[in-house]
Amino acid sequence: MIYKRSSALFNEAKQYIPGGVNSPVRAFKAVGGDPVFVKEAKGAYLYDEDGNELIDYIASWGPLILGHAYEPVLNAIIDKAKKGTSFGMPTEIETDLAKLAVSMVPNIDKIRFVNSGTEACMSAVRLARGYSGKDKIIKFAGCYHGHSDSFLIQAGSGAVTFGSPNSPGVTQGTAKDTLLANYNDLESVKALTTANKGEIAAIIIEPVAGNMGCIIPTEEFITGLRELCTKEGILLIFDEVMTGFRLGTGGAQEALGIDADIVTFGKVIGGGLPVGAFAARNEIMSYLAPEGPVYQAGTLSGNPLAMSAGLAMLTELNSRPEVFESLADKTEHLHEGFDNVLRTKGIPYQINRYGSMISVHFTDAPVVDFASSAKGNNETFKTYFHGMLNQGIYLPPSAFESYFLNDALSYGDLDKTIDALKKVF
Ligand SMILES: *Cc1c(COP(=O)(O)O)cnc(C)c1O
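Reading guide: rules and limits
Residues numbered from 1 in each chain as written. Predicted model: local features only at pLDDT ≥ 70, side-chain atom pairs only at ≥ 80, totals over all residues. Heavy atoms only, no water. Helix = DSSP H or I, 4+ residues; strand = E, 2+ residues; numbered from the N terminus. Contact = heavy atoms within 4.5 Å. Near = heavy atom within 4 Å. Polar contact = N/O pair within 3.5 Å; in protein donor to acceptor, adjacent residues only side chain to side chain. Areas by Shrake-Rupley, 256 points an atom, 1.4 Å probe, with all protein chains shown as cover. Nonpolar A, V, L, I, M, F, W, Y, C, P; charged D, E, K, R; others polar. Expected span 1.5 Å × (residues − 1). Buried < 20%, exposed > 50% of the residue type's maximum accessible area, 1.4 Å probe, protein only. Arc of directions from axis to C-beta. Axes fitted to C-alpha atoms, helices over the stretch in contact; angles between N-to-C directions. Left-handed = near helix turned anticlockwise from the far one by under 90°.

Examined against the element boundaries, Ala-252 turns out to sit in helix α9 (residues 251-256). On a C-alpha basis, the gap between Ala-252 and Val-263 in space is 9.9 Å, while along the polypeptide they are eleven residues apart. Ignoring anything within four residues of it in the chain, the contact list for Ala-252 reads Pro-207, Glu-240, Thr-243, Leu-247 and Gly-257.

Here you go:
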C-alpha cells in the first residue's frame, strides 16, 4: 500500500505542531516510518488520505467499541448539536448519563464528569488525598494514568516508548509522593506500605493493564491488594479508563469480582467524544466541591455533545450486554489464529488476552509485568507492525499497547488479519 499523501501531510504538520501530532504515540516513533493520516472511518474500517482501506484494531484507543460512526451515537450528537453546543449551566442529560453509569457500575453512588482520562485520574487522587488527609500514592511500573505530574513515574505506553519515563518538568517534590511497585507482585506493595505506614492515601492500578501490552492480574495479587488496602486504610483506585464499559457493563470491578474505593473512566464512556469521569461511594464523593472541600471544576465538563455521545453509547451497551461476549469471542478467534500462524514460524512470542483486549509480545517468557513486557524484541515488533500495515491492517504502533477490538469487526476481517500475519514472517 502507498502512504504518500500521509507522509506529505505529516511533513507539513511537523512544521506547526511539535512532532506533527497532538499525542506522541501517533507519530510512529517506536516503529519508524511516517504515520497514517486518516480521512474518515466507518464500522471496522479506516479510510486514509491515500485512499487505502485499513482494518482498525485501535478504535481510537478504545472508545469506539461498537465501531466508527456508529449510527445511534452519531445521531445523538447531531440532534444535540442543533440545540447549542455548550452552556456552562446544568443540563438534564448530565443526570441521565450519571444515573445510567451508576446503575451499570458496581459499588458507586455518585459520579463526576470531566474531559479526559487524565483529568479523571488526577482528580481521583486529589479526592483520595483530601478524603484521607495523606499525601503519598502507590502506582505500578508500566501502568499509565494520564499525563498529570504525579503519574509520570514509569508510566507505560507513550511515556515508555519515548524513553522518558520520568519526564523533565515533573518536580522532585511531586515525584517523591509517588511510590512505585511492580505489577503482580504483592510483596513489592507490602514493602512500600510497611516503610510508609500511615502515609499512603491511595493505590492506583489498571485492574487489567493495557499500557504495557495487555497484562492480567493474578487472582492472588488483586485480592491481596484489596485486602491490604482495607487493612491499612488505603483507598484502592481502579483506573478503568480502558476497562470501564469494555470488559462488561460493570467493567473490571465486575469482571474480577473486586470492589474498588474510587473508579475512574474515560474512552468508552464518551462514545468517541472527550469525556472522563470518576466515581465512588457517597461518603467519599461528598468531599468534592461544592458539597465538600476538595476542589475540581471544568468549563466544558458535562458538555452536552459529549454527554449525548456517552449516553447513546452506554444505553446501547446496557441494552445488549451480549455484545461483550461477542467481542470476547472475536478476540479469542484472533488469538487462536495468531497462535496457529506464529507457532509455525519459530519466533518466540506470547499472546495476552482479556475480554476484547489482546497484545502480542515477541519474547519467550510470560509477560506479567513491565519488566517482562520490556523484554519483547522491538525489531521483530517493527517488522510485524509494518508487515501488517502494508497489508491494510492497522495495529497499535507500539509494542506497549493493547489492541482494542470493536464489534463491527467481522469474522471475515479477523481471518483476513490472520492471513496477513502468515505473509509477514
Ligand atoms: C488512556 C488512559 C488514560 C488517559 O486518558 P486520556 O483521555 O488520554 O487523558 C488513563 N488511564 C488509562 C488506563 C488509560 O488507558
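Before going further, it helps to spend a moment on the site of the ligand. Neighbouring residues of the ligand: Ser-116, Gly-117, Thr-118, Tyr-144, His-145, Gly-146, Glu-206, Asn-211, Asp-239, Val-241, Met-242 and Lys-267. The backbone of Tyr-144 places a nitrogen or oxygen atom 3.1 Å from a nitrogen atom of the ligand. Asn-211 is positioned with one of its side-chain polar atoms (N or O) 3.3 Å from an oxygen atom of the ligand. Calculation on the ligand without its partners gives an accessible area of 380 Å², and the protein chains cover 83% of this total. Of the residues belonging to the shell around the ligand, the class tally is three nonpolar, six polar and three charged.

With 13 residues, helix α3 (residues 92-104) extends 19 Å from end C-alpha to end C-alpha; this agrees with the ideal 18 Å at 1.5 Å per step. Residues of α3 that are buried: Ile-93, Leu-97, Ala-98, Leu-100, Ala-101 and Met-104. The arc that holds the buried residues of α3, viewed along the axis, is 165°, so those residues lie on one side. Residues Glu-92, Lys-99 and Ser-103 are exposed on α3 and point more than 90 degrees away from its buried face. Those residues of α3 that are buried are in contact with α2 (71-81), β4 (110-114) and α11 (304-319).

Spanning 22 residues, helix α12 (residues 322-343) covers 31 Å between terminal C-alpha atoms, matching the ideal 32 Å at 1.5 Å per step. Listed in full, the buried residues belonging to α12 are Val-323, Phe-324, Leu-327, Lys-330, Thr-331, Leu-334, His-335, Gly-337, Phe-338, Asp-339, Val-341 and Leu-342.

With that settled, consider the packing of α3 against α11. For any two helices packed against each other, one specifies the inter-axial angle together with the distance between the axes. Running from N to C, α3 and α11 point in directions that differ by 35°, and their axes come no closer than 9 Å. Crossing handedness for the pair α3 and α11: left-handed. Of α11, the residues touching α3 (which contributes Ile-93, Glu-94, Asp-96, Leu-97, Leu-100, Ala-101 and Met-104) are Pro-304, Met-307, Ser-308, Gly-310, Leu-311, Leu-314, Thr-315, Leu-317 and Asn-318. Classifying every residue of the contact of α3 with α11 by side-chain character gives ten nonpolar, four polar and two charged.

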